[in-house]
Amino acid sequence: MVRGVDESPSSCTLIMVHPLPVRITHWVNVVAIFIMVTSGWRIYDASPLFSFSFPTGITLGGWLAGALQWHFAAMWMLVINGLIYLAYGIFSGHYRHNFLPLSFNSLLQSFADAVHGRLSHPVGEYNPVQRLAYLGAIAGIIVVVLSGLVVWKPTQFQTLGALMGDYPGARLVHFLCMAAIVSFVFIHVVMVMVVPRTFIPMWTGRARKPR
Ligand code: HEM
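Engineer: Would you take a moment to explain the coordination of the iron atom of the ligand for this structure?
Structural biologist: Bound to the iron atom of the ligand are the protein donor atoms His26 (NE2) and His188 (NE2), situated 2.0 Å from the metal. Considering all six donor atoms around the iron atom of the ligand, angles at the metal cover 84 to 179° and the coordination shape is octahedral. Taken together, the residues His26 in helix H1 (residues 20–46) and His188 in helix H7 (residues 166–194) connect sequence positions 162 residues apart. Owing to a relative accessible area of 23%, His26 belongs among the partly exposed residues under this scheme.

Below, the structure is given as structure tokens:
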């Protein structure tokens, strides 16, 4: 319940907050990202970039070849699902209506509110911090896919590779995007736990809005 707001059924209307395509692509994306990240950690462990490895228990695939199979299978899921989400978001006006406008001043104000524990989350609206985080997550996933293409086929994707510092640069970009996505997911899930009334509507599409 929002402090000071009567959310009893008689004083609320049910409104559509997440259209079906957004809900389906969001949850398919969660499964795809989970498989991509955990199998990616197993692939990383076969030839670590840094002086640490991921514990085998939190990786997927059992061994390098198994992990590669999971990674490539989930890659199709991530890319096809992502293209459907992007096409829907652009052509339905979802991004225009829900992620924009996003001004620097509104972000500063939102960050200040967050620091003072009074960041608002009106039903059916994303606040500026959420808008920035979601746009960042979408951009991170696009760059992780593009850098993955370079790591997968460095010769065929030479031009793209040149933008990222060729094969070694693309590997680093791929790793850093993974780290950014995992950090986003961690904070995102904590925020859902802080505002749990947002969880069910991400499945049903509808939320109660005080009249
Ligand atoms: C795996 C990576 C994840 C990514 C990349 C991701 C990304 C996103 C994005 C971009 C949105 C906005 C969707 C839109 O309106 O177009 C969103 C909303 C949401 N996500 Fe996730 N998400 C992830 C995982 C999760 C998980 C694990 C949960 C469950 C705890 C979750 C719960 C939600 C909820 C409840 C909303 C709606 C928030 C609100 O109405 O304020 N997400 N997510």
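Engineer: Help me understand the nonpolar core, please; the structure alone is not making it clear to me.
Structural biologist: General note: in soluble globular proteins, nonpolar side chains tend to be found buried as a group. Ile33, Phe54 and Leu78 are the most contacted members of the largest nonpolar core, which totals 17 residues. Contributions of two or more residues to this core are made by H1, helix H2 (64–91), helix H5 (128–152) and H7. For this core, the element with the highest residue contribution is H1, accounting for seven residues. Apart from residues lying up to four places away in sequence, Ile33 is in contact with Leu78, Ile141 and Ile181. Ranked by size, the runner-up nonpolar core spans six residues in total, among them Phe99, Tyr126, Tyr134 and Ile138.

Engineer: It is not clear to me how the confidence of the model for the protein should be interpreted in this structure. Could you clarify?
Structural biologist: Chain-level pLDDT for the protein is 93 on average; 95% of the residues reach the 70-or-more range. Here residues 1–5 is modelled with pLDDT under 50, and outside its nearest four sequence neighbours on either side it reaches five contacts, counting other chains as well.

Engineer: For this particular structure, what's the right way to read the site of the ligand?
Structural biologist: Neighbouring residues of the ligand: 23 residues in total, closest His26, Tyr85, His121, Tyr126 and His188. In this structure, His26 approaches the ligand through a side-chain N or O atom, which is 2.8 Å from a nitrogen atom. With respect to the ligand, the side chain of Tyr126 contributes an N or O atom lying 2.6 Å from an oxygen atom. Counting only elements with at least two residues in the shell around the ligand, the list comes to H1, H5 and H7. Here the shell around the ligand is built from residues that sort into 15 nonpolar, eight polar and no charged.

Engineer: Honestly, unusual backbone geometry in this entry has me stumped. Any pointers?
Structural biologist: Note on backbone geometry: most residues besides glycine have negative phi, and most peptide bonds are trans. For the peptide bond that leads from Leu100 to Pro101, omega is -5°, which places it in the cis range. Turning to its location among the elements, Pro101 is positioned in the loop between helix H3 (94–98) and helix H4 (104–115). The phi dihedral of Asp166 is positive, around 55°, even though this residue is not glycine. Within the secondary structure, Asp166 is located in helix H7.

Each value, and the rule that gives it
Residues numbered from 1 in each chain as written. Predicted model: local features only at pLDDT ≥ 70, side-chain atom pairs only at ≥ 80, totals over all residues. Heavy atoms only, no water. Donors = N, O, S within 2.8 Å, 3.2 Å for Na, K, Ca; no water. Tetrahedral: all angles 85-135°; square planar, octahedral: opposite > 155°, others 65-115°. Helix = DSSP H or I, 4+ residues; strand = E, 2+ residues; numbered from the N terminus. Buried < 20%, exposed > 50% of the residue type's maximum accessible area, 1.4 Å probe, protein only. Core = buried A, V, L, I, M, F, W, Y, C linked by side-chain atoms within 4.5 Å. Contact = heavy atoms within 4.5 Å. pLDDT = per-residue confidence, 0-100. Near = heavy atom within 4 Å. Polar contact = N/O pair within 3.5 Å; in protein donor to acceptor, adjacent residues only side chain to side chain. Nonpolar A, V, L, I, M, F, W, Y, C, P; charged D, E, K, R; others polar.

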